[in-house]
Amino acid sequence: MILYLHGFRSSPKSFKARLLAERMQLLGLASDYLCPQLPASPAAAIALAQDVIKGGDPAGLTLIGSSLGGYYATWLAEQTGCRAVLLNPAVKPPRDLEKYVGVSTQYHSDEPFEFKREYMAQLQALQIDAITQPQRYFLIAATGDDVLDWREMVGHYPHARQQVIQGSDHGISEFADYADQVLAFCGVTISGPAA
């Protein structure tokens with residue numbers, strides 16, 4: 001199973017989440033892919049993810065986390081022992097999201113939501129200072145990310161598989177070029193039409 005965890009203000013309608021859903025459908029594996037809408041509360045987002053993966057075999061699970069979802073995926077992977085793919089992951093969201101305390105809107109719906117001050121402590125509780133078993137991680141970081149620093153990402157996942165994209169952007173506009181590598185890391189046999 002693949003569980004995709006989207007980023008802050010994002011949703012299952014994000015480009016990367018939709019592209020992977022379509023690719024899994026083409027491969028006849030739509031039922032093995034999930035991307036739920038995550039609540040604004042980090043504790044609630046983690047609880048939702050834990051509920052989805054509860055009882056599953058970690059060897060058959062891969063988390064794909066984008067931006068803030070990468071932060072969540074790292075914590076969950078350390079707790080469960082599953083694999084994780086990190087797409088321009090947030091490394092220090094308690095620092096980076098401080099300025100978003102208050103009401104924000106979602107990217108794909110303009111629906112307002114509140115990011116409460118208490119969420120900062122929830123984020124802090126999920127901090128992983130050093131990953132274990134780096135072979136379980138695949139980092140994709142773009143040097144052109146104008147939201148997060150790719151050098152922090154590379155430094156936070158030492159000895160993990162790393163794909164540093166020269167240029168690009170926070171959303172990894174050319175993600176289609178990397179989708180099959182991501183799915184292969186997830187244990188998916190690529191036999192259908194290219195993404």
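In the block above lies the structure referred to throughout.
Fair warning: this is a prediction, and the values are worked out from it, not measured in the lab.

Colleague: I keep staring at the nonpolar core and nothing clicks. Help me out?
Modeller: A general tendency of soluble globular proteins is for nonpolar side chains to be buried together. In this structure, Leu5, Tyr72, Phe115, Leu123 and Tyr137 are the most contacted members of the largest nonpolar core, which totals 38 residues. Only β1 (2-5), α2 (42-53), α3 (68-80), β4 (83-87), β6 (112-115), α5 (118-124) and β7 (137-142) provide two or more residues apiece to this core. Looking at which element gives the most residues to this core, the answer is α3, with seven residues. Discounting chain neighbours no more than four positions away, the residues touching leucine 123 are Pro42, Leu68, Tyr71, Tyr72, Pro93, Pro94, Leu97 and Phe115. Residues Ala17, Met24, Tyr33 and Phe138 belong to the second largest nonpolar core, which totals 25 residues.

Colleague: Please clarify how helix α1 (residues 15-26) should be interpreted in this entry.
Modeller: For an α-helix, the turn length of 3.6 residues means that residues three or four places apart are oriented alike. Look at α1: 17 Å from first C-alpha to last across 12 residues, which is about the 16 Å you get at 1.5 Å a residue. Those residues of α1 that sit buried are Lys16, Ala17, Leu19, Leu20, Arg23 and Met24. All buried residues of α1 fall inside an arc of 165° around its axis, so they share one side. Exposed residues lying more than 90 degrees from the buried face of α1 are Gln25 and Leu26. Along its buried surface, α1 packs onto β1, β2 (33-34), β3 (62-66), β4 and α7 (179-185). Following α1 by one or two positions, glycine 28 has its phi on the positive side, about 75°.

How each quantity is defined
- Sequence order as written defines the numbering, with residues in each chain counted from 1.
- In view of the model being predicted, local features appear only for residues whose pLDDT reaches at least 70, and side-chain atom pairs are presented and counted only at 80 or more, with totals across whole chains, interfaces and linings using the full set of residues.
- Values shown for side chains rest on all heavy atoms present in the structure; no hydrogens or waters enter the calculation.
- Here, the term nonpolar core denotes a set of buried Ala, Val, Leu, Ile, Met, Phe, Trp, Tyr and Cys residues that are joined through side-chain atoms within 4.5 Å.
- Residue burial is assigned from relative accessible area. The probe radius is 1.4 Å, only protein chains are included, and a residue is buried under 20% of its type maximum, exposed over 50%, and partly exposed in between.
- Runs of H or I in DSSP of at least four residues are treated as helices and runs of E of at least two as strands, each being numbered from the N terminus.
- Any two residues having at least one pair of non-hydrogen atoms within 4.5 Å are treated as being in contact.
- To estimate the expected span of a helix, subtract one from its residue number and multiply by 1.5 Å.
- Comment: arc refers to directions from the helix axis out to C-beta atoms.

Read these as geometric descriptors, not functional statements.
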